[in-house]
There are 2 protein chains.
Amino acid sequence: MSKRATAAEVAELAGVSRTTVSFVLNNVVGMRISEETRQRVLDAAIKLDYHPDATARRMVTGQTKMIGFVIRQSPDQAFADHFLPQVLHGMSKAVSAQGFHLLLEVIPPENHTGVYMKLINERHVDGIVLSGPRSDDIELRRAYEEGANIVMLGQLPGEKIPFADVNNVGGAQLATQHLLGLGHTRIGMITNAPLAYTASADRLAGYRLALEEAGLIYDESLVRLGNFTMESGVKAMHELLALKERPSAVFVASDTVALGALQAAQLAGLKVPQDLAVCGFDDIPLAQYVDPALTTVQLPAFGLGWAAAEMLIRMISKDKVKNPYIMLNTDLIIRNSCGARLAPK
Amino acid sequence: MSKRATAAEVAELAGVSRTTVSFVLNNVVGMRISEETRQRVLDAAIKLDYHPDATARRMVTGQTKMIGFVIRQSPDQAFADHFLPQVLHGMSKAVSAQGFHLLLEVIPPENHTGVYMKLINERHVDGIVLSGPRSDDIELRRAYEEGANIVMLGQLPGEKIPFADVNNVGGAQLATQHLLGLGHTRIGMITNAPLAYTASADRLAGYRLALEEAGLIYDESLVRLGNFTMESGVKAMHELLALKERPSAVFVASDTVALGALQAAQLAGLKVPQDLAVCGFDDIPLAQYVDPALTTVQLPAFGLGWAAAEMLIRMISKDKVKNPYIMLNTDLIIRNSCGARLAPK
DNA sequence: TAATTTAGCTAACACGTATTAGCAACACGA
DNA sequence: TCGTGTTGCTAATACGTGTTAGCTAAATTA
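Keep in mind it's a predicted model, so treat the numbers as computed, not measured.

The rules behind each value
- Residues numbered from 1 in each chain as written.
- Chains lettered and ligands numbered in written order.
- Predicted model: local features only at pLDDT ≥ 70, side-chain atom pairs only at ≥ 80, totals over all residues.
- Heavy atoms only, no water.
- Helix = DSSP H or I, 4+ residues; strand = E, 2+ residues; numbered from the N terminus.
- Rg over C-alpha atoms; globule rule 2.2 N^0.38 Å.
- Contact = heavy atoms within 4.5 Å.
- Areas by Shrake-Rupley, 256 points an atom, 1.4 Å probe, with all protein chains shown as cover.
- Lys, Arg positive; Asp, Glu negative; His and termini not counted.
- Charge placed at Lys NZ, Arg CZ, Asp CG, Glu CD.
- Buried area = accessible area lost by both parts, 1.4 Å probe.
- Salt bridge = Lys/Arg side-chain N within 4 Å of Asp/Glu carboxyl O.
- Polar contact = N/O pair within 3.5 Å; in protein donor to acceptor, adjacent residues only side chain to side chain.
- Nonpolar A, V, L, I, M, F, W, Y, C, P; charged D, E, K, R; others polar.
- Least-squares fit on C-alpha atoms with pLDDT ≥ 70 in both.
- Near = heavy atom within 4 Å.
- Phe/Tyr/Trp six-rings, centres within 6.5 Å; stacked < 30°, edge-to-face > 60°.
- Buried < 20%, exposed > 50% of the residue type's maximum accessible area, 1.4 Å probe, protein only.
- Lys NZ or Arg CZ within 6 Å of the ring centre and 35° of its normal.
- Expected span 1.5 Å × (residues − 1).
- Arc of directions from axis to C-beta.
- Pairing = 2+ DSSP bridges.
- Axes fitted to C-alpha atoms, helices over the stretch in contact; angles between N-to-C directions.
- Domains from an automatic or database assignment.

Caption draft 1: Spotlight on the overall build of chain A. Of regular secondary structure, chain A possesses 13 helices and twelve strands. The C-alpha radius of gyration computed for chain A amounts to 27 Å, which surpasses the reference 20 Å derived for 345 residues by more than 25%, pointing to a less compact arrangement than a globule. Contacts in chain A between residues at least 24 apart in sequence constitute 71% of all its contacts with a sequence separation of at least 6. As displayed, chain A offers around 16100 Å² of accessible surface, 52% of which is attributable to carbon and sulfur atoms. Of the side-chain charges in chain A, 33 are positive and 36 negative, and the distance between the mean point of each set is 4 Å.

Caption draft 2: Spotlight on the interface of chain A and chain B. Tallying the contact residues gives 37 residues for chain A and 38 residues for chain B. Carbon and sulfur atoms supply 62% of the area buried between chain A and chain B, which totals about 3900 Å² over both sides. Seen at the junction of chain A and chain B, the total is zero salt bridges. Where chain A meets chain B, there are ten residue pairs in polar contact (both at pLDDT 80 or more). Every element with two or more residues in the side of chain A that touches chain B is listed here: α4 (54-61), α5 (75-80), α6 (83-97), β2 (101-106) and α7 (114-121) of chain A. Residue contributions to the side of chain A that touches chain B peak at six residues, all from β2 of chain A. Considering only residue class, the side of chain A that touches chain B consists of 19 nonpolar, ten polar and eight charged.

Caption draft 3: Highlighting the relation of the copies chain A and chain B. The operation relating chain A to chain B is a screw motion whose rotation component is 180°, with 0.1 Å of axial translation and a residual RMSD of 0.1 Å. Such values leave the two copies arranged in the relation of a two-fold axis. When C-alpha distances to the rotation axis are compared across chain A, the minimum falls at Leu103 of chain A, with a value of 2.3 Å.

Caption draft 4: Examining the protein's contact with DNA strand C more closely. Lining the immediate surroundings of DNA strand C are 27 residues, of which Ser17, Thr20 and Thr37 of chain A together with Ala7 and Tyr50 of chain B lie closest. Counting only the atoms of DNA strand C that lie within 4 Å of the protein, the sugar and phosphate share comes to 56%. Ala7 of chain B has a polar backbone atom sitting 2.7 Å from a phosphate oxygen of DNA strand C. Counting residues per element, the ones that place at least two in the surface near DNA strand C are α2 (18-25) and α4 of chain A together with α2 (18-25) and α4 (54-61) of chain B. Its residues assigned to classes, the surface near DNA strand C comprises twelve nonpolar, ten polar and five charged.

Caption draft 5: The packing of aromatic side chains, seen in detail. All names here are of chain A. In the structure shown here, the tally under the stated rule is eight aromatic pairs over all chains. Between Tyr197 and Phe228, the ring centres sit 5.3 Å apart and the planes meet at 90°, which makes this aromatic pair edge-to-face. In this pair, Tyr197 is assigned in the loop between β6 (187-190) and α10 (198-213) and Phe228 in the loop between β7 (223-224) and α11 (230-241), connecting sequence segments 31 residues apart. You can call Tyr197 partly exposed: its relative accessible area is 46%. Residue classification places Phe228 among the partly exposed residues on the basis of a relative accessible area of 44%. Seen from the ring of Phe281, Arg203 lies directly overhead, with NZ or CZ sitting 3.9 Å from the centre.

Caption draft 6: View of the protein's contact with DNA strand D. In the region of DNA strand D, 27 residues are neighbours, and Ala7 and Tyr50 of chain A together with Thr20, Ser34 and Thr37 of chain B sit closest. For DNA strand D, the fraction of protein-proximal atoms (within 4 Å) that sit in sugar or phosphate groups is 51%. In the environment of DNA strand D, a phosphate oxygen lies 2.7 Å from a nitrogen or oxygen atom belonging to the side chain of Tyr50 of chain A. One nitrogen or oxygen atom from the side chain of Thr37 of chain B is found 2.3 Å from a phosphate oxygen belonging to DNA strand D. In terms of residue class, the surface near DNA strand D is built from twelve nonpolar, ten polar and five charged.

Caption draft 7: Structural detail: helix α3 (residues 35-47) of chain A. Residue and element names in this part refer to chain A. Here α3 contains 13 residues, and its C-alpha end-to-end distance of 18 Å stays within 8% of the 18 Å for a straight helix at 1.5 Å per residue. What α3 keeps buried is the set Thr37, Val41, Ala44 and Ala45. Each buried residue of α3 sits inside an arc of 100° when the element is viewed along its axis, so together they form one side. With respect to the buried face of α3, the exposed residues turned more than 90 degrees away are Glu35, Glu36, Ile46 and Lys47. In this fold, the buried residues of α3 make contact with α1 (7-14) and α2. Count one or two residues on from α3 and you reach Asp49, which has phi positive near 55°.

Caption draft 8: How the structure looks around the sheet that holds β7 of chain A. Residues and elements named next belong to chain A. Taken in spatial order, the four strands make up an open sheet running β7-β6-β8-β9, and their pairing is parallel. Since the sheet does not close on itself, it has two edges, and those belong to β7 and β9 (277-279), each with one partner. In this sheet, β9 lies alongside strand β8 (residues 249-252) in parallel orientation, the contact comprising three bridges. Bridging from a neighbouring strand, Val250 pairs with Val278 of β9. Lying on the sheet, α11 is in contact with β6, β7, β8 and β9; it crosses β6 at an angle near 155°. Strands β6, β8 and β9 of the sheet are contacted by helix α12 (residues 255-267), whose axis makes an angle of about 150° with β8.

Caption draft 9: Layout of the domain arrangement of chain A. Domain boundaries in chain A define domain 1 (7-52), domain 2 (66-166 + 302-328) and domain 3 (168-299). Spacing between the C-alpha centres of domain 1 of chain A and domain 3 of chain A amounts to 65 Å.

Here it is in structure tokens:
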């Protein structure tokens, strides 16, 4: 590797001082440089293939121009999730548009939290986006209180830390309203996860809200809990179908769980959507390929990543962030499993 | 944000020199420090919540302890690919095991290549893993010749640049041998992409090799070209089935294309695998959910990421890399579409 | 002509660390 | 007493840049 050229060498070749080189190459305003000198410097820089050293620049500016993306989940889980790539894409776009770079860090939950705090403490980055925050993370809270630049992906109830999240309530409402609009009055629900998960509780709340807005009463006997897996969907649907007055539609707050639910319904001899309407949540890639194609709620994954990174960079730049709590809305993707494409009842 | 403590402040509090602080905190061997002094330094560091500044450390060591992962594809494409998350997972694991960090950079192909060379030129990273290298990338070649630490994910024919790649020949061979072992003698093939793509040509070569090893002659009329999409699979399969002597099995060198092929076969009234055996390539998540579940070749995505990062770090550390050309083998995942689970013919 | 401004540039400092060379005090053997 | 080690520490330098303060000579003004 040929030795790197420094600004000093450029200065020498151009016959000027290092300061002048800096002024020319950074286009510093207010500094009087003659056109001739400027050209000499530029020529020298090109001739020596000079590139300013990012580290030295970091040193003197005090800015790393880097943000960290910390994934605080089991790697297997985080990387299996189709959601992640799109979030990354959004972050990448926002970050590079601002001349920043993206540092990716995966911290298994069992690891001590200090591991990712090092990113901030040792000044590897100017701030972090934290995916999968945990409520028992005391170091996170302390870092925030000490003024660290942190944006969470997903919210922690009762915390004031800035976040970007999906409007789970609204999304569930959307799905439920859609089913209501198709004439269903007895609509079951299977959650995506135990209610300890904020997203899960919110989706249940959205379901309930839609029902009550429509003048229906919320009936707890129509609700079952899923836990991320297809199997939990099978079990839950099985129970719902065993009710003496079974629902004519089911909102499943997770596509994966919905796949299990679909399977259970078909196993019970029901045709979807003719005998039973089903609506999912997440819009996983698989959703459009299963039979019947799954009507579902699409999450703004790209937008979420983009918004989180954008807000973080604003915070770093000391720009005013009017509202550090971002909620992105969802879209309803209508396919075949809900019956909207059949003749209306 | 409370002011950061520096090593100098720790030194003052402990009543020693800054040098001593450095020796103690870095456990420098060969330096005689009395137990009492050592303790005083450690206490002071804790009391001041001291964390060494990564930037200053980079400055003096000349190492960034960072590697860049450059994705030189259209972001939409790169992030839609299920392959990426697993590769990232592998890299993340290798990288953190060596005390390195991972910088993620997405460069759309239309962008000037200089964009990612800045990562090296400006010393943001010690080396890069390049995904989706292009043969017309002259800056890449020049950087390599100048001694830059670069590992490619996937190979560029005729280049000496280190790479980690999947053994596409071997994988295709595996799939074809499997079909041969089931008694098929007239085996068609649909490629994953035009043959200009190395991976595509390699998979075709593996197919041919397996046939010839089995004493069969390679028949070009049984081969069709796919181009990444389901639609191309539909078309190709349609053509193969229209042959007057149609194949009894088809090896499709891409699961996505295979989905289209499956669809076409079923549309033609054929039952898979009874009437036609099909084998895919890639093992996309969908593969196990379609009906029939797709027999396919699984790529070592995690291993690929891990190996590439690992090798790069070795190069950076000036460790001898015995063989800078890594080829990882594939696994055959036997499901239902090939007929291996039926009674043997 | 003297005083002031201005154009065009540079000297010097700061950022926070790792590391080499060396210094003072003391112990020990001859 | 002198030389030779050894223990425990420190002074000083280097890394490559951004930036403030200031300097010289020429141009302008009074």
